[in-house]
Amino acid sequence: MSDSNTTPLLEVDNITLRFGGVTAINDVSFKVNDGELFSIIGPNGAGKTSIFNTISQVYRPQEGDIRWKGDSIMGIRPDAVARMGIARTFQNIELFAQMTVIDNLLTGRHIRMTNSWLAGSIWLGNAKREEMENRRRVEDIIDFLEIEQWRKHPVALLPYGFQKRVELGRALAMEPELLLLDEPVAGMNLEETEDMARFILDIQRELGIAMILVEHDMGLVMDLADRIMVLDFGQQISEGTPAEVQSDPAVISAYLGSEMAQVSQDTSQ
Amino acid sequence: MYRRPLLRTQYEQDAAIFPTWFQKVALGLVILFFVLATLGAPGIEAVPKKFLGNTWIDPVSNMMPLLIAALGFNILVGVAGQVSLGHAFFMGTGAYTAVTLGGGGDGGIKACVPWHDELGLLEEAGQCGLGLPMWIWLPLAGIVAAIIGLLVAPAAVKVRGLYLAIATVGLVFIGLHLGRTFPEFAGDFESGRRWPKLQFRIWKEETPLVDFTEDGQWFGLIHLAEEQKQLFLLMTFVGIFALMSKNLIRSRTGRALQAIRDRDIAAEVMGVPEFKYKRLAFAISSFYAGIGGALFASYLGRVSPVDFSLILSVDFVAILLIGGAGTMAGTVLGTVFVELLPEVVETFTEWLSDQLDGSGPASWLANVLLTSGSGDFGAIATAAAAPGWPMSVHMWNFAIFGVLIVVFMIFEPLGLFGIWLRIRNYWKSWPFSY
Ligand SMILES: Nc1ncnc2c1ncn2[C@@H]1O[C@H](COP(=O)(O)OP(=O)(O)O)[C@@H](O)[C@H]1O
Ligand SMILES: [Mg+2]
């Protein structure tokens, strides 16, 4: 993926996260390189969302280290992680429900804007110009995600599939270098899933943003991912290219020949 | 433009406060109506007189500083979602900053000595102050309140929801206690002290540059009475603060506060530092409260610590619940409603008691509703009655608000603003119901 002498974008080193007696993440390590689409899969409760929460420092792992471009981000606040260039979407939509689509996306621009409360209150000169400029950027994202008809609606009123898109848009508005996607197509029908897959591909190819994709839809993961890590009960049981992971006996046994075996058959036909 | 005719490419226009010409014209007409009514244009002044009585300018002027404070309350509670009952305390902070800086004059700060009622020094103590002009005491009233807001915020941002509401109640009681402890500033606990008048001075000169508290020619153009001048001044302040708060809400800071209100963790993950913005919300809302409190006390001319009690804080909660939290229009509607409805009820009762001796339906209604002492069954007691049934106009007002708050909480969380939205949407699609 990248030269061996460049530092990876994100390095997760031997992290362990415990909630009381439950070990949600057990000694997990992985790296994500520039522009790479890395995927984490595993059954429910495997610890995938917890990994995202440790990267954004919502949870603090008890052991291990997380480095961004070589520097540790352990112990910094979630908003500082965001400012460094890490954006994410949530498994259970966490939009700002009472705000419009435009305002949700503009909130994603927060870290790219500077106007203070006083400048904003007076709404002259630079503050106004900055608001308008960022509004234009947000309109581009609205175009890209094809959500024009919902622009001025409070997001709570949008259908589920569109809420998922707005969440993606809000993360994109941050202009991140790494995007964490937590089950972006969960609960979507085939058409919506295909749209989302197209957006993800465009984000990787045209915007060059690295991503970590957590998803249960194996077809999607196998199609899109450069590398895959498989988790089971907080343990890392396999890592490699889609082909390597699919033929890994540890993975097949973990999935007990269910989903994964099905996918192996499908792709080998 | 051609591809998507509904999409405005001019974002300036899109983000304007009143995006349509209809809204601009409507606002213009409302302002014109107020100006003409204040100037006493005969046909137009009849409208507020009908609802608020002949002295309608007084309750309307009195409402203006409360509206400024309500705009600040909306930023903290409606926009940032931090339910506070401490707003009265910050209004008091502003008011007492104003009176300390701008009050008195003759005795200067020397008059701020402990006093004893028995010695008859009450009025003298009420003179304490530096006698500075309004352009100093008014902004500082806001700034000092904001600083106190910043000081208490670190404790306040740690608690949430109901706990925050209860914690901030404490502030109001601390304020009352301070008022009782320092009568050299606050005057007598019950009767209070005098406040600096609404006058523009450059420094401490004898004749003010612009005096809002004397009848007279204004700029050699028009003869205005004291009440008219004060209302114009207060309306101007309201205009400035309404514009600033609207701008705040629609810009970066306002969105950050709404984000924290809707989803605090997601807001942080989007790069909004939660505690910083909660503290900011406290400071800004306290600033508005401080300005509102200073103007409120100056307009009344005489205020005591008990005027900044919990009842005042609860008024603001009623304003947001009835008007609609989080929106400017709701805040304005709520303030007008909460502050003027008691006057309307009172005017109505007075009108009714004038009808008692007449004939026709009005007199019949008066006989049914009113009671002057005991004996008949009227529900409204016109004589200053003891608590209990029949209730005085004053008690009826309390009861009406209690019921309204509950009704709005259950049936229309968006308040009066929500009702307006429904009416508008109905007429937009009229005569089609889809
Ligand atoms: N805040 C929390 N408190 C306690 N346990 C948690 C918390 N978050 C996650 N867990 C536990 O950690 C494990 C991993 O959960 P999660 O990361 O959500 O899994 P996944 O996203 O792979 O389905 C589960 O056993 C879950 O119950
Ligand atoms: Mg999960």
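Residues numbered from 1 in each chain as written. Chains lettered and ligands numbered in written order. Predicted model: local features only at pLDDT ≥ 70, side-chain atom pairs only at ≥ 80, totals over all residues. Heavy atoms only, no water.

Draft legend 1. Region of the structure containing the overall build of chain A. When helices and strands are counted, chain A shows eleven helices and ten strands. Against the 2.2 N^0.38 benchmark of 18 Å for 269 residues, chain A shows a C-alpha radius of gyration of 19 Å, consistent with a compact globule. Seen through its C-alpha atoms, chain A measures out along the principal axes to roughly 65 × 40 × 40 Å. In the structure as shown, chain A presents an accessible area of about 11300 Å², 49% of it carried by carbon and sulfur atoms. Of the side-chain charges in chain A, 24 are positive and 41 negative, and the distance between the mean point of each set is 9 Å. (Helix = DSSP H or I, 4+ residues; strand = E, 2+ residues; numbered from the N terminus. Rg over C-alpha atoms; globule rule 2.2 N^0.38 Å. Areas by Shrake-Rupley, 256 points an atom, 1.4 Å probe, with all protein chains shown as cover. Lys, Arg positive; Asp, Glu negative; His and termini not counted. Charge placed at Lys NZ, Arg CZ, Asp CG, Glu CD.)

Draft legend 2. Region of the structure containing the overall build of chain B. In terms of helices and strands, chain B carries 18 helices and nine strands. Counting every position in chain B, which comprises 434 residues, the buried fraction comes to 50%. The long-range share in chain B, meaning contacts at least 24 apart out of those at least 6 apart in sequence, stands at 68%. Carbon and sulfur atoms provide 68% of the accessible area of chain B, an area that totals close to 21400 Å². (Buried < 20%, exposed > 50% of the residue type's maximum accessible area, 1.4 Å probe, protein only. Contact = heavy atoms within 4.5 Å.)

Draft legend 3. Examining the interface of chain A and chain B more closely. Contacts between chain A and chain B engage 42 residues on the former and 34 residues on the latter. Where chain A abuts chain B, roughly 3500 Å² becomes buried across the two surfaces, and 59% of that area is made up of carbon and sulfur atoms. For the pair chain A and chain B, the interface holds three salt bridges. Two residues, glutamate 131 of chain A and arginine 255 of chain B, come together in a salt bridge whose shortest N-O distance is 3.0 Å. Put simply, chain A and chain B have 13 residue pairs in polar contact (both at pLDDT 80 or more) between them. Only α2 (78-84), α3 (101-108), α4 (117-122) and α5 (125-145) of chain A provide two or more residues apiece to the side of chain A that touches chain B. No other element matches α5 of chain A, which puts seven residues into the side of chain A that touches chain B. Among the residues making up the side of chain A that touches chain B, the classes are represented as 17 nonpolar, nine polar and 16 charged. (Buried area = accessible area lost by both parts, 1.4 Å probe. Salt bridge = Lys/Arg side-chain N within 4 Å of Asp/Glu carboxyl O. Polar contact = N/O pair within 3.5 Å; in protein donor to acceptor, adjacent residues only side chain to side chain. Nonpolar A, V, L, I, M, F, W, Y, C, P; charged D, E, K, R; others polar.)

Draft legend 4. Spatial organisation of the packing of helix α14 (residues 310-323) of chain B against helix α15 (residues 328-355) of chain B. Residue and element names in this part refer to chain B. Running from amino to carboxyl end, α14 crosses α15 at an angle of 120 degrees, the nearest separation of the two axes being 7 Å. With respect to α15, the element α14 is oriented oblique. Considering only the axes of α14 and α15, their crossing is right-handed. Contacts between α14 and α15 involve Asp315, Ala318, Ile319, Leu320, Ile322 and Gly323 on the former and, on the latter, Gly330, Thr331, Gly334, Thr335, Phe337, Val338 and Glu339. Residues that form the contact of α14 with α15 fall into these classes: six nonpolar, five polar and two charged. (Axes fitted to C-alpha atoms, helices over the stretch in contact; angles between N-to-C directions. Parallel < 35°, antiparallel > 145°, perpendicular 65-115°, else oblique. Left-handed = near helix turned anticlockwise from the far one by under 90°.)

Draft legend 5. Broad picture of the site of ligand 1. Residue and element names in this part refer to chain A. All residues adjacent to ligand 1 are Phe19, Val22, Ala24, Pro43, Asn44, Gly45, Ala46, Gly47, Lys48, Thr49, Ser50 and Tyr59. Here an oxygen atom of ligand 1 sits 3.2 Å away from a polar atom, N or O, in the main chain of alanine 46. Threonine 49 has a polar side-chain atom sitting 2.7 Å from an oxygen atom of ligand 1. Protein coverage of the free-state accessible area of ligand 1, which is 560 Å², stands at 63%. Those elements giving two or more residues to the shell around ligand 1 turn out to be β2 (22-32) and α1 (48-55). Per-element tally for the shell around ligand 1: the top contributor is α1, with three residues. Class assignment of the residues belonging to the shell around ligand 1 gives a composition of six nonpolar, five polar and one charged. (Near = heavy atom within 4 Å.)

Draft legend 6. Expanded view of the pairing of strand β8 (residues 210-214) of chain A. All names here are of chain A. Here β8 lies mainly inside the structure; five of its five residues are buried. What you see with β8 is no split at all: Ala210, Ile212 and Val214 on one side and Met211 and Leu213 on the other are buried throughout. Across four bridges, the pairing between strand β3 (residues 37-41) and β8 is parallel. Looking across to β8, one finds that isoleucine 40 is bridged to valine 214. Here five bridges tie strand β7 (residues 178-182) to β8, and the two strands are oriented parallel to one another. Looking across to β8, one finds that leucine 180 is bridged to isoleucine 212. Crossover handedness for the path β7 to helix α7 (residues 190-205) to β8: right-handed. (Pairing = 2+ DSSP bridges. Right-handed = clockwise from strand over helix to strand, strands pointing away.)

Draft legend 7. How the structure looks around the coordination of the magnesium ion (ligand 2). All names here are of chain A. On the protein side, the magnesium ion (ligand 2) has Thr49 (OG1) and Gln91 (OE1) as donor atoms, found 2.0 to 2.1 Å from it. Within this pair, whereas threonine 49 is found in helix α1, its partner glutamine 91 is found in the loop between β6 (86-88) and α3, the two being separated by 42 residues in sequence. Among the residues examined, threonine 49 registers a relative accessible area of 25% and is labelled partly exposed. Using a relative accessible area of 28% as the deciding quantity, one classes glutamine 91 as partly exposed. (Donors = N, O, S within 2.8 Å, 3.2 Å for Na, K, Ca; no water.)

Draft legend 8. Main features of unusual backbone geometry. Residue and element names in this part refer to chain A. Unlike most non-glycine residues, glutamate 146 shows phi in positive territory, near 55 degrees. Turning to its location among the elements, glutamate 146 is positioned in the loop between α5 and α6 (160-173). Of note in this structure, phenylalanine 233 is not a glycine but carries a positive phi near 50 degrees. The topology assignment puts phenylalanine 233 in the loop between β9 (227-232) and β10 (235-240).

Draft legend 9. Focus on the sheet that holds β2 of chain A. All names here are of chain A. Here we have four strands laid out as an open sheet, ordered β2-β1-β4-β5, and antiparallel in their pairing. Here the strands that pair on one side only, and so sit at the sheet edges, are β2 and β5 (71-72). As paired elements, strand β1 (residues 10-19) and strand β4 (residues 63-68) share five bridges and run antiparallel to each other. Looking at the pairing, leucine 10 lines up with tryptophan 68 of β4. Contacting β1, β2 and β4, α1 crosses the sheet at an angle of about 65 degrees to β2.

Draft legend 10. Expanded view of the domain arrangement of chain B. Residue and element names in this part refer to chain B. If you check the domain split of chain B, you get domain 1 (62-218 + 240-309) and domain 2 (324-434). Contact with domain 1, which involves twelve residues of that partner, is made by ten residues of domain 2. When domain 1 packs against domain 2, close to 860 Å² is buried across both sides, 79% of that on carbon and sulfur atoms. Our count for the contact surface shared by domain 1 and domain 2 stands at zero salt bridges. At the boundary of domain 1 and domain 2, one finds two residue pairs in polar contact (both at pLDDT 80 or more). Residue assignment for the side of domain 1 that touches domain 2 shows that the elements contributing at least two residues are α4 (57-79) and α10 (226-250). (Domains from an automatic or database assignment.)

Draft legend 11. Structural context of α15 of chain B. All names here are of chain B. Between its first and last C-alpha atoms α15 spans 40 Å; for 28 residues at 1.5 Å apiece the expected length is 40 Å, and the two agree. The principal kink in α15, of about 40 degrees, is found at leucine 340, preceding the proline proline 342 by one to four residues. For α15, the side-chain oxygen to backbone nitrogen distance between the N-cap and glycine 330 is 3.1 Å, and the N-cap itself is threonine 327. (Expected span 1.5 Å × (residues − 1). Bend = angle between axes of the 7 residues up to and from the residue.)

Draft legend 12. Representation of the pattern of salt bridges in the model. All names here are of chain A. The tally for this structure, following the rule as stated, stands at 25 salt bridges over all chains. Of the charged contacts in the structure, one is a salt bridge between arginine 109 and glutamate 175, with a shortest N-O distance of 2.7 Å. With arginine 109 in the loop between α3 and α4 and glutamate 175 in the loop between α6 and β7, this pair connects stretches of sequence that are 66 residues apart. Residue class for glutamate 175 comes out partly exposed when judged on its relative accessible area of 34%.

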